[in-house]
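# An overview of the molecular structure
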Number of protein chains: 2
Amino acid sequence: MSLALLINDWDVAAWQKSLAQLAPDRAFQTAPDITCPEDVRYALSWKPTPGQMAQMPNLEIVFSLGAGVDHIFGDNQLPNVPVVRVIDPDLSVRMSEYIVLHVLIHHRKQRVYDAFQADGKWKEISQAAASAMRVGVMGLGILGIDAALKLKNLGFQVNGWSRTAKNLDEINCYSDADGLEEFLNQTDILVCLLPHTPATDGILNFKLFEKLSHDGPLGKPVLINAGRGGLQREADILSALENGVLGAATLDVFETEPLEASSPFWTHPDITITPHNASASDPDTILKNVLRQIEIFEAGGTMANIVDPVQGY
Amino acid sequence: MSLALLINDWDVAAWQKSLAQLAPDRAFQTAPDITCPEDVRYALSWKPTPGQMAQMPNLEIVFSLGAGVDHIFGDNQLPNVPVVRVIDPDLSVRMSEYIVLHVLIHHRKQRVYDAFQADGKWKEISQAAASAMRVGVMGLGILGIDAALKLKNLGFQVNGWSRTAKNLDEINCYSDADGLEEFLNQTDILVCLLPHTPATDGILNFKLFEKLSHDGPLGKPVLINAGRGGLQREADILSALENGVLGAATLDVFETEPLEASSPFWTHPDITITPHNASASDPDTILKNVLRQIEIFEAGGTMANIVDPVQGY
């Protein structure tokens, strides 16, 4: 019986090397070369090719190798076996670095200062205190909470919104459709770390952007999406920027990845894009976690972080 | 008896407006229009013109309106009266925003991703964990400690160095000349928040850069100076970048400010410059603090944050 690495869009060699080192006694196959699908017991997956796992009659568990599991549930022929999320402190640390970096780039107007430098201009512009800037974090899972607390530690006003109600000591929380409007009305910088599910598909649209605060220190609100591309309507982001409904956007995720060469995002002066690298999975860290879970399972124990297939996270 | 606003390089009108609102009962004069120098009892100063205060026979206290006091002690004819630093939580919050922002820009290779976006290139490059990045903070005053703790909260390895020994629970501290080499050897990103005194003049020079770590996650070490321009040797920064002794530099302060139009820093691809705005003083916040100290002094109490003129901070 063996493991299978089912990976698209990532450097698969790094994962093969890490797995061979960490589990020298476990045989594994790597897609697309799954020569003995009947041998596969555990699928270690990132954006697995749809239909691939349906060929594996003895598959027992699917492990996600990166944040989120929508990349697995997108497979219509997914066998009915447990899907296990990866929850690793390293993922939260990396995601929070990304969120803090991009909130600060907007808050401190770094793009304006970059332009001043390019123009040879020595000029200081007014700078709001962090305590006057309201950052709203959509999605209060492990990643969202970590980012919210780190932003709060820097002095920002931080509010959170999640579909189901959360209670956090340090963060003012809103939930469901009723709470969303109140949350948005007092958000100057919107950070989105929601999971992508049928309930959140396209939630970042023109109507939502209109509800954001338009009297904050930056004048126009800013969008930072490091959740999933399916959460956003890209045409709406463009028209919101054009109409002054948004002031700027930083996007790590896109409706289609890699982002198409024809996308106007590449050259838009108010859009920063990154190649879905906000929270890169480190093979060693993630595989240690997965192998530990397999050991627990094989010893008859209960694995952590099994996904609820109805909620989708 | 009156106050005097002795301000260069800042928008003096904002300070006049704020002072008039906060202390309507106190007369004040604004440089260069000090028509009655004998009336001035308190000088509220930022980079005061040398010799100006020597004209004020009844001067009792000099207050600094921004971080540091070297801009006051640079006056050779400074009357022998107490000099009072401003210590305000708002200054620390702003400085730490700047330090965290620029450490993250280097750590997360944001300049590389900006170039990828400009080239229409979707590409992910390897990203070290924060726990593998060693940030060294020179200067462990109130600003340095605040920045160090916030960097630590983001997951970085943080060490500190100060001229006189400090003992901090959460930060590994080095001091004096002996500790400097050990500190530098394990520093991948050097953050400088030292005061500018005769003992620290030109401390950021080629020899110091050579001692920094050259086997960290970024390959070459990075310099971030938000202390004072007098701490750095700008010719050495350029030659260190040329010789691969430094990989990049972010500078908020310069030997001459505003930075001369002829400086190669403006267009250097590995240098980010900002116009001494890392921790902008907010007039209302700072003046409230100064007026409170004046009240304490006039009531016969002991003011906080009087500078030791020998140490210079």
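### Considerations on the overall build of chain A
Broken down by element type, chain A carries nine helices and twelve strands. Scaling as 2.2 N^0.38, a compact globule of 313 residues should have a C-alpha radius of gyration of about 20 Å, and chain A matches this with 21 Å. Reported as C-alpha extents along the three principal axes, the dimensions of chain A are approximately 65 × 45 × 30 Å. Taking all 313 residues of chain A together, the buried fraction comes to 54%. Counting only contacts in chain A whose residues sit at least 6 apart along the sequence, the fraction spanning at least 24 positions is 63%. With an accessible surface of roughly 12,900 Å², chain A has 48% of that area assigned to carbon and sulfur atoms.

### What to know about the packing of aromatic side chains
All names here are of chain A. Tallied over the full model, the rule gives 16 aromatic pairs over all chains. Here the aromatic rings of Y174 and F183 are separated by 6.2 Å at their centres, their planes lie at 55°, and the arrangement is tilted. Of the two residues examined, Y174 and F183, each falls in the buried class.

### Some words on the interface of chain A and chain B
Counting from both sides, the interface comprises 46 residues of chain A and, opposite them, 46 residues of chain B. Together chain A and chain B conceal approximately 4,000 Å² of surface at their shared face, both sides included; 58% is due to carbon and sulfur atoms. For chain A, the biggest contributors to the area lost against chain B are R108, Q117 and W122 of chain A; these three give 21% of the whole. The tally of links between chain A and chain B comes to four salt bridges. Among the salt bridges present, the one from R108 of chain A reaches E97 of chain B, with a minimum N-O distance of 2.9 Å. Across the contact surface, chain A and chain B share 26 residue pairs in polar contact (both at pLDDT 80 or more). Element by element, the count of residues in the side of chain A that touches chain B is highest for helix α3 (residues 89-107) of chain A, at eleven residues. In terms of residue class, the side of chain A that touches chain B is built from 23 nonpolar, twelve polar and eleven charged.

### Section: the packing of helix α1 (residues 12-22) of chain B against helix α9 (residues 283-298) of chain B
Residues and elements named next belong to chain B. Between α1 and α9, the shortest axis-to-axis distance is 9 Å and the interhelical angle comes to 50°. Regarding the angle of α1 to α9, the classification is oblique. Judged by the sense of rotation from one axis to the other, the crossing of α1 with α9 is right-handed. For the pair α1 and α9, contact is made by A14, W15, S18, L19 and L22 and by P283, D284, I286, L287, K288 and L291, respectively.

### Description of the pattern of salt bridges
One pass over the structure, following the stated rule, counts 29 salt bridges over all chains. Here R26 of chain B and E298 of chain B are joined by a salt bridge, their closest N and O atoms 2.9 Å apart. Taken together, the residues span a long stretch of sequence, with R26 of chain B in the loop between α1 and β2 (28-30) and E298 of chain B in helix α9 at a distance of 272 residues. Taking the relative accessible area as the measure of exposure, R26 of chain B reaches 25% and is therefore partly exposed. Looking at E298 of chain B, the relative accessible area reads 37%, which means it is partly exposed. Look at the salt bridges and you will find they share partners, linking R26, R41, E60 and E298 of chain A into a network.

### Quick word on the sheet that holds strand β4 (residues 61-64) of chain B
Residue and element names in this part refer to chain B. One open sheet holds the five strands; their spatial order is β2-β1-β3-β4-β5, and the pairing between them is parallel. The open sheet has two free edges, formed respectively by β2 and β5 (83-84), since each of these has just one partner strand. Pairing between strand β3 (residues 40-46) and β4: four bridges, direction parallel. Residue pairing for β4: Y42 is matched across the bridge by I61. Contacting β1 (2-7), β3, β4 and β5, α9 runs over the sheet at an angle of about 150° to β3.

### Quick notes on the domain arrangement of chain A
Residue and element names in this part refer to chain A. Parsing chain A into structural domains produces domain 1 (2-86 + 281-298) and domain 2 (89-273). For domain 1 versus domain 2, the separation of C-alpha centres amounts to 32 Å. In this complex, domain 1 contributes twelve residues to the contact, which on the side of domain 2 involves seven residues. Overall, the association of domain 1 and domain 2 removes approximately 660 Å² of surface from exposure, summing both partners, and the carbon and sulfur fraction of that is 51%. By the criterion of area lost to domain 2, the three top residues of domain 1 are A67, D70 and D282, representing 51% of everything that side buries. In this assembly, domain 1 and domain 2 are joined by two salt bridges. Between E257 and K47 there is a salt bridge, and its shortest N-O distance comes to 3.3 Å. Where domain 1 touches domain 2, the interface holds three residue pairs in polar contact (both at pLDDT 80 or more).

### Some details on the state of the cysteines
Residues and elements named next belong to chain A. Taken as a whole and assessed by the stated rule, the structure comprises zero disulfides over all chains. Sulfur of C173: no disulfide; nearest cysteine sulfur belongs to C192 and is 15 Å away. Owing to a relative accessible area of 22%, C173 belongs among the partly exposed residues under this scheme.

### Thoughts on the nonpolar core
Residues L44, I99 and F156 of chain A together with L44, I99 and F156 of chain B are the most contacted members of the largest nonpolar core, which totals 99 residues. Those residues in contact with L44 of chain B that lie beyond four places of it in its chain are L3, A4, L5, L6, I7, L19, F63, L65, L287 and V290 of chain B.

### Quick look at the relation of the copies chain A and chain B
At an RMSD of 0.1 Å, chain A and chain B line up after a rotation of 180° and a shift of 0.0 Å along the axis. The relationship between the two copies is best expressed as a two-fold rotation axis. Residues of chain A ranked by C-alpha distance from the rotation axis are headed by L101 of chain A, positioned 2.9 Å from it. When the interface residues of chain A are mapped onto chain B, 100% of them again lie at the interface, so the same face is used by both copies.

### A word on the pairing of strand β6 (residues 134-138) of chain A
All names here are of chain A. With five of its five residues buried, β6 lies for the most part within the structure. Here β6 shows two buried faces, one formed by R134, G136 and M138 and the other by V135 and V137. Alignment of β6 against strand β7 (residues 157-162), held across five bridges, turns out to be parallel. Directly across from V137, in β7, lies its bridge partner G160.

Procedures and definitions
- The residue numbering used here restarts from 1 in each chain and proceeds along that chain's sequence as written.
- Naming scheme: in the order in which they are written, chains are lettered from A and ligands are numbered from 1.
- Reporting in this predicted model follows two pLDDT cut-offs: at least 70 for local features of residues, and 80 or more for side-chain atom pairs to be given and counted; totals over whole chains, interfaces and linings ignore these cut-offs and use all residues.
- To obtain the side-chain values, all non-hydrogen atoms of the structure were used and water was disregarded.
- Only runs of H or I of at least four residues qualify as helices and only runs of E of at least two qualify as strands under DSSP, and these elements are numbered from the N terminus.
- As defined in this context, the radius of gyration uses C-alpha atoms, and a globule is described by 2.2 Å times the residue total to the power 0.38.
- For every residue, the accessible area (1.4 Å probe, protein chains only) is compared with the maximum for its type, and the residue is labelled buried under 20%, exposed over 50%, or partly exposed between those bounds.
- For this analysis, residues touch if any pair of their heavy atoms sits within 4.5 Å.
- For the accessible areas, the method is Shrake-Rupley and the probe is 1.4 Å, while residue cover comes only from the protein chains on display.
- Only Phe, Tyr and Trp rings take part, Trp by its six-membered ring, and two of them pair if their centres are within 6.5 Å. Stacked means planes under 30 degrees apart, edge-to-face means over 60, and tilted covers everything else.
- Here the quantity called buried area is the total loss of accessible area, with a 1.4 Å probe, experienced by two parts when brought into contact, counted for both.
- The rule for a salt bridge is simple: a side-chain nitrogen of Lys or Arg has to be within 4 Å of a carboxyl oxygen of Asp or Glu.
- The definition of a polar contact used here is a pair of N or O atoms within 3.5 Å, where within protein one atom must be able to donate a hydrogen and the other to accept one, and adjacent residues in sequence count solely through side-chain atom pairs.
- Note that Gly is not counted as nonpolar here; it falls among the polar residues with everything else outside the nonpolar set of Ala, Val, Leu, Ile, Met, Phe, Trp, Tyr, Cys and Pro and the charged set of Asp, Glu, Lys and Arg.
- Between N-to-C directions, angles cover 0 to 180 degrees, with each direction set by a line fitted to C-alpha atoms, over the stretch in contact for helices.
- What sets the label is the angle itself: under 35 degrees gives roughly parallel, over 145 gives roughly antiparallel, 65 to 115 gives roughly perpendicular, and the rest give oblique.
- By convention, the crossing between two helices is left-handed when the near helix turns anticlockwise from the far helix through less than a right angle, and right-handed when the turn is clockwise.
- Note on pairing: DSSP must find at least two bridges between two strands before they are called paired.
- In this document the domain limits rely on a domain assignment from an automatic tool or a database.
- By convention in this document, the label disulfide applies to cysteine sulfur atom pairs within 2.5 Å.
- Residues grouped as a nonpolar core are buried Ala, Val, Leu, Ile, Met, Phe, Trp, Tyr and Cys residues, joined through side-chain atoms within 4.5 Å.
- Copies overlap after least-squares fitting; the atoms used are the C-alpha atoms of residues with pLDDT of at least 70 in both.

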